[in-house]
Number of protein chains: 4
Amino acid sequence: MQDVLIRTLEKVELRQPILVEGLPGVGNVGKLAADYLRDKLPAKPLATIYSKFFPPQVYVGENGVIRLVSNDLAYWKAPAGAAHDLLVLGGDYQGISPEGQYEITERVLDYCAQLGVKQVYTLAGFAQGRAVEEPKVLGAATTPALVESLKKVGVVFSRNDPGGGLIGASGLFLGLGRLFGMEGVCLMGETSGYFVDPHSAGAVLRILAKVLKIEIDLTALEEKAREIDKIAQRIHDAEQRTSEPSSGSPGTPREDLGYIG
Amino acid sequence: MQDVLIRTLEKVELRQPILVEGLPGVGNVGKLAADYLRDKLPAKPLATIYSKFFPPQVYVGENGVIRLVSNDLAYWKAPAGAAHDLLVLGGDYQGISPEGQYEITERVLDYCAQLGVKQVYTLAGFAQGRAVEEPKVLGAATTPALVESLKKVGVVFSRNDPGGGLIGASGLFLGLGRLFGMEGVCLMGETSGYFVDPHSAGAVLRILAKVLKIEIDLTALEEKAREIDKIAQRIHDAEQRTSEPSSGSPGTPREDLGYIG
Amino acid sequence: MQDVLIRTLEKVELRQPILVEGLPGVGNVGKLAADYLRDKLPAKPLATIYSKFFPPQVYVGENGVIRLVSNDLAYWKAPAGAAHDLLVLGGDYQGISPEGQYEITERVLDYCAQLGVKQVYTLAGFAQGRAVEEPKVLGAATTPALVESLKKVGVVFSRNDPGGGLIGASGLFLGLGRLFGMEGVCLMGETSGYFVDPHSAGAVLRILAKVLKIEIDLTALEEKAREIDKIAQRIHDAEQRTSEPSSGSPGTPREDLGYIG
Amino acid sequence: MQDVLIRTLEKVELRQPILVEGLPGVGNVGKLAADYLRDKLPAKPLATIYSKFFPPQVYVGENGVIRLVSNDLAYWKAPAGAAHDLLVLGGDYQGISPEGQYEITERVLDYCAQLGVKQVYTLAGFAQGRAVEEPKVLGAATTPALVESLKKVGVVFSRNDPGGGLIGASGLFLGLGRLFGMEGVCLMGETSGYFVDPHSAGAVLRILAKVLKIEIDLTALEEKAREIDKIAQRIHDAEQRTSEPSSGSPGTPREDLGYIG
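I will try to describe carefully the structure that is included in this document. (Residues numbered from 1 in each chain as written. Chains lettered and ligands numbered in written order. Predicted model: local features only at pLDDT ≥ 70, side-chain atom pairs only at ≥ 80, totals over all residues. Heavy atoms only, no water.)

## Notes on the overall build of chain A
For clarity, the threshold we go by: Only DSSP runs of H or I with at least four residues qualify as helices, and only runs of E with at least two residues qualify as strands; both kinds are numbered from the N terminus onward. C-alpha atoms define the radius of gyration in this analysis, and the globule rule sets the expected value at 2.2 Å times the number of residues to the power 0.38. Accessible area is worked out with a 1.4 Å probe on protein chains only. A residue is then buried under 20% of its type maximum, exposed over 50%, and partly exposed in between. We get accessible surface area from the Shrake-Rupley algorithm with a probe of 1.4 Å; when it comes to residues, only the shown protein chains can shield them.
Looking only at helices and strands, one finds six helices and 11 strands in chain A. Whereas a compact globule of 261 residues would reach a radius of gyration of roughly 18 Å, chain A reaches 20 Å, a difference of no more than 12%. With respect to the three principal axes, the spread of C-alpha positions in chain A is 70 × 50 × 35 Å. The 261 residues of chain A split such that 54% are buried. Total accessible area on chain A is roughly 11700 Å²; 51% of this is exposed by carbon and sulfur atoms.

Written out as structure tokens, the structure is:
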């Protein structure tokens, strides 16, 4: 079979579309952001991507109907007058081998190039390994000019982070994108790395909205973040109680557990 | 060499054949069911499938003669008047890498499509991690209509099971089958997951017989199930004795071991 | 690059050649036997086989000159009147992945088929996991007739061994060989599985000589076996002494260590 | 996508160029040497090599700009009258799978063959597993004549080292190079194997300069080696103090830690 199979669901003409990528990864930040963006725009299904570099797996929906794991492209037509339509890439998995990552990314970029894509935004999480109260958004880009323009909207460029570079789709879409003549930006929301983090996804989308000059209503995402906060708080409280000294003295706040929230 | 090599043993014309797949997996339920079905129909050898995605292994028969590991297609011509002939796919292994799973499944589906297959039934086990006295048969399908028709013959559709979807051939034959325009159903017999389970294979075949409107004499399979039950009972009894207190008091039934049977 | 690259060193015409394969494996029995056979016939270099499915490695000879790891085919022209010339396949490695095993075996068989090969003998060790004083030679073959003829020269066919079949080149050359219309035999010398075993290789060659009706002077191989026996005996004796009780009583023979020899 | 993608940055005509390879490996000796050589000659960028056999990774520079991991060829035009121009191959990674190693090496050699390369020098470290005060340079070559000529400039050929041969790019460029009709030499600087070792890289470059009859100013490399020595010395001293007996007696030199320097 073809290594990567892209099924087009609808033929569309897009105005200088920009590709926004967000796949599963650290804190699921990228996937949360891309899926939320797709739902809120809302973007419409454009193409489904199957590959032997994904796991040999189907999901079963609540109605008992199966679907093969995939990545998916959706499109959004910007209002008249806007310069760029959007393509949003999300999905169940990144390629499960290094070679698979390259093959899938290259094929999707090739497909997007034919749709006129010249700019790529990749969304990801950046694991800090500690609690992150107010997630900053770190950046990396394909040109110094893009770096400068991102600094102006609050993206942080750190001399040391990410030290080992970017591994996986968010980096590869930029690195291989350059070979297609595409410019690109990676927006990385700080996150602890221990939890799915809608809070960090929100921070990333806030920056993306500024850069793309679009409106994204983040209410539902913030609500989801609060729910997760509450669950974490309950776990925190439960741990507090069990770790209290047997003398029954009131538990002192354990700051070292604060990161759970 | 070709990734997947299909050797046709006999040229046949089949009437709208339905593919039934059962390969090694959880409790070997799928393989037991498919092999039993093939022997009881009986189905005749149609094609042998070799692949570099199987282990590099030959089996040695009791007569000292070797054969290369393979999957195998057999066919059964239904009585005059019946709408569908059957194809039964069994074998020694599933592909041993994710890519191999995709490659083999796609090639076999392509081969079956040329034989006119438009419906696929995959047989599998569903590991409950606990004793299963009366195995239910869980289902998943490619369309809501199929789900409804399966419910009518007693197939259970659970909102939560299987939570992680289906991994391996039983899922992939449905997922990739859709790309060939095939409809499909997965029948999963509940099983503990710890033993080869002919009992669960029988439950799956009972449903399959209803759906396909064929007769399958399950006597031999039930006999096999009883034998395994007896062996398990003997292990159980032996464990009872060794775990008896030294005082010689009669052992109390250990319900927690009951699942062995 | 090509997956498997076969460089022919000399163009030869061979009379109905028989392929004898012996590559590294259990007790190195197959490789020891094939290398010894090649040296004693002596067989001349015919072709070198390189592959990306071998490790990315070169060996450095005592003279400082490197060579890339490979498999190697050598040929031997039988005396006038004999029916069959021989091809001997040896080498540094078997393919290091299952797919590599298939690819290399298939390409070598294809090459040999063009040279007129219709019979394959594969040489291997069979690990007994215990000392083997007088190694028997177990067999497996592609046809019942071959099995019968091997029994007559002392090859043992066991109903239970090898239970899991044959894994690796020795099995695959037979299994894939059948797809090339080749008949074949695997000769497996019993061995402990813990040591390189020239003794077992000798047993295999003794049978092979009978079957192929050739003379092989085994003196040097037996000498090598005796040397290894002596080393093992010395280790044995040393262990005896260190395990003696401190009372200084003479050590009793430790039968459980006897297998080292 | 292509397995290996070579992007030519400049079209050049080279005089019988010699390829010098140095990629990451033991003590990073090869990479340190090749990178230093490239900078000091200085050599100019000729081609960038991307591959799906590298990790799916981009590096982020201090300026926030990303680049895809790669290998890189640079060229140096020798002064008029010299027989050979140079090509220097460096990079971020070796291929991360055995097959990848073969594929990348073969493609680069093919590219270099088209540029007229007939000689290859590979630079590497040789791990001694102990402190190496004055690193010798071990050698291996494709012909006895090359071995003799290298002995004359001080390269050490040891009957036993490297016992297991050479694994990875430094060996493969020679082994596959022979299939392209190229002669070649591997220069291996002794190193402990525990640290990045510019000292050993210097020893390798000193030999290379003699062989290629070029001048390489090693001042900066020696400076770097001294810095690493100082850091190691400080670690050494710190360990001394913490391991001093509590009586406060002056610490005796711990010779067993001397290798850190």
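## Structural notes on the packing of helix H5 (residues 198-212) of chain A against helix H6 (residues 219-242) of chain A
Residue and element names in this part refer to chain A. Defined as follows: Axis lines are fitted through C-alpha atoms, for helices just across the contact stretch, and the angle between N-to-C directions can take any value from 0 to 180 degrees. Note that the term roughly parallel is reserved for angles under 35 degrees, roughly antiparallel for angles over 145, roughly perpendicular for angles of 65 to 115, and oblique for everything else. Helix crossings are classified by the rotation of the near helix relative to the far one: an anticlockwise turn of less than a right angle makes the crossing left-handed, while a clockwise turn makes it right-handed. Contact between two residues is taken to exist if any of their heavy atoms lie within 4.5 Å; hydrogens are not considered. Gly is placed with the polar residues, together with every amino acid not listed as nonpolar (Ala, Val, Leu, Ile, Met, Phe, Trp, Tyr, Cys and Pro) or charged (Asp, Glu, Lys and Arg).
Relative to each other, H5 and H6 sit at 155°, their axes nearing to 8 Å. One finds that H5 runs roughly antiparallel with respect to H6. Here H5 and H6 pass one another in a crossing that is left-handed. Contacts from Pro 198, His 199, Ala 201, Gly 202, Leu 205 and Arg 206 in H5 reach Leu 221, Glu 222, Lys 224, Ala 225 and Ile 228 in H6. In terms of residue class, the contact of H5 with H6 is built from six nonpolar, two polar and three charged.

## Comments concerning the interface of chain B and chain A
Short version of the rule: As used here, buried area is the combined drop in accessible area, with a 1.4 Å probe, of two parts when they are placed together. By salt bridge we mean one thing: a side-chain nitrogen of Lys or Arg within 4 Å of a carboxyl oxygen of Asp or Glu.
Each partner contributes to the interface: chain B provides 27 residues, whereas chain A provides 24 residues. Summed over both sides, the interface of chain B with chain A buries roughly 2100 Å², with 64% coming from carbon and sulfur. On inspection of chain B and its partner chain A, the count reaches one salt bridge. Note that Glu103(B) is salt-bridged to Lys52(A), the shortest N-O span being 2.6 Å.

## A word on the nonpolar core
Threshold: What we call a nonpolar core is a set of buried Ala, Val, Leu, Ile, Met, Phe, Trp, Tyr and Cys residues that are connected through their side-chain atoms within 4.5 Å.
Counting residues in each nonpolar core, the largest one holds 177 residues, and the members touching the most others are Leu73(A), Leu73(B), Leu73(C), Leu73(D) and Leu87(D). Residues within four places of Leu87(D) in sequence aside, it is in contact with Leu14(D), Pro17(D), Ile18(D), Leu19(D), Val20(D), Leu46(D), Leu73(D), Ala74(D), Tyr75(D), Cys112(D), Leu115(D) and Val117(D).

## Observations concerning the relation of the copies chain B and chain A
Condition: Each copy is superposed on the other by least squares, with the fit set by C-alpha atoms of residues at a pLDDT of at least 70 in both.
Note on the identical chains: chain B maps onto chain A by a rotation of 90° and an axial translation of 0.2 Å, with an RMSD of 0.1 Å. Accordingly, the operation relating the two chain copies is best matched by a four-fold axis.

## Overview of the environment of Lys31(D)
As for its position among the elements, Lys31(D) is in helix H1 (residues 29-40). A C-alpha to C-alpha distance of 15 Å links Lys31(D) and Ala127(D), two positions 96 residues apart in sequence.

## Quick look at the sheet that holds strand S6 (residues 71-76) of chain D
Residues and elements named next belong to chain D. Cut-off, in case you're wondering: Strand pairing follows a simple DSSP-based rule, namely that at least 2 bridges must link the two strands.
Pairing is mixed across the open sheet formed by eight strands, whose spatial order is S1-S3-S6-S7-S2-S8-S11-S9. Of all the strands in the sheet, the pair left with one neighbour each is strand S1 (4-8) and strand S9 (137-141). Here the average twist between neighbouring strands, direction ignored, is 20°. Packing against the sheet, helix H2 (residues 98-114) makes contact with S1, strand S2 (18-21), strand S3 (44-51), S6, strand S7 (86-91) and strand S8 (119-127), and its axis sits at approximately 30° to S1.

## Considering the interface of chain D and chain A
Opposite the 24 residues of chain D that make contact, chain A presents 27 residues. Both sides together, the interface formed by chain D and chain A hides about 2100 Å², and carbon and sulfur atoms give 64% of it. If you sort the residues of chain D by the area they bury against chain A, Met1(D), Pro56(D) and Ile66(D) come out on top, with a joint share of 31%. Inspection of the chain D/chain A interface yields one salt bridge.

## Focus: the arrangement of the chains
Across the gap from chain A to chain C, with no contact made, the nearest C-alpha atoms are 16 Å apart. Note that chain B does not reach chain D: the shortest distance linking a C-alpha of one to a C-alpha of the other is 16 Å.

## Observations regarding the side chain of Thr191(A)
All names here are of chain A. Cut-off, in case you're wondering: In protein, a polar contact requires one atom able to donate a hydrogen and another able to accept it; more generally it is a pair of N or O atoms within 3.5 Å, and residues adjacent in sequence count only if both atoms are side-chain atoms.
Relative to the elements of secondary structure, Thr 191 occurs in strand S11 (residues 183-191). Overall, Thr 191 belongs to the buried group, its relative accessible area being 0%. Looking at Thr 191, its side chain comes within polar contact range of the side chain of Asp 197, at 2.7 Å. With residues up to four places along the chain from it excluded, the contact list for Thr 191 reads Val 26, Val 29, Gly 125, Phe 126, Ala 127, Gln 128, Gly 129, Val 132, Asp 197 and Ser 200.

## Digging into unusual backbone geometry
Pro42(B) follows Leu41(B) through a cis peptide bond whose omega is -15°. Secondary-structure assignment places Pro42(B) in the loop between helix H1 (29-40) and strand S3 (44-51). Of note, Lys213(B) is a non-glycine position whose phi angle comes to about 55°, a positive value. Taking relative accessible area as the criterion, Lys213(B) reaches 75% and is therefore assigned exposed. The phi torsion at Gln16(D) lies on the positive side, around 30°, for a residue other than glycine.

## Comments concerning the pattern of salt bridges
Under the criterion given, the structure shown has 40 salt bridges over all chains. Here Asp35(B) ties to Lys31(B) by a salt bridge, and the two come within 2.9 Å at their closest N and O atoms. Taken together, the residues span about one helical turn, with Asp35(B) and Lys31(B) both in helix H1 at a distance of four residues. Summarising the burial analysis for this pair, Asp35(B) and Lys31(B) share the class buried. Connected via shared salt-bridge partners are Lys31(A), Asp35(A), Arg38(A) and Asp39(A).

## Things to note about helix H5 (residues 198-212) of chain D
Every α-helical turn comprises 3.6 residues, leaving residues that sit three or four positions apart pointing alike. All names here are of chain D. Keep this limit in mind: Helix span, as expected, comes to 1.5 Å for every residue beyond the first.
Here H5 spans 20 Å end to end across 15 residues, near enough to the 21 Å set by a 1.5 Å rise per residue. By the criterion of burial, H5 is predominantly enclosed, with 11 of the 15 residues buried. Capping the start of H5 is the job of one residue whose side-chain oxygen sits 3.1 Å from the backbone nitrogen of His 199: Asp 197. A positive backbone phi angle near 55° is found at Lys 213, which sits one or two residues after H5.

## Observations concerning the environment of Ile235(D)
Mapped onto the secondary structure, Ile235(D) falls in helix H6 (residues 219-242). Between the C-alpha atom of Ile235(D) and that of Ala201(D), which follows or precedes it by 34 residues, the distance is 22 Å.

## Quick word on the side chain of Glu103(C)
Within the secondary structure layout, Glu103(C) lies in helix H2 (residues 98-114). Overall, the relative accessible area of 4% leaves Glu103(C) in the buried class. The contact partners of Glu103(C), leaving out residues within four places of it in the chain, are Met1(B), Lys52(B), Asp3(C), Val4(C) and Phe53(C).

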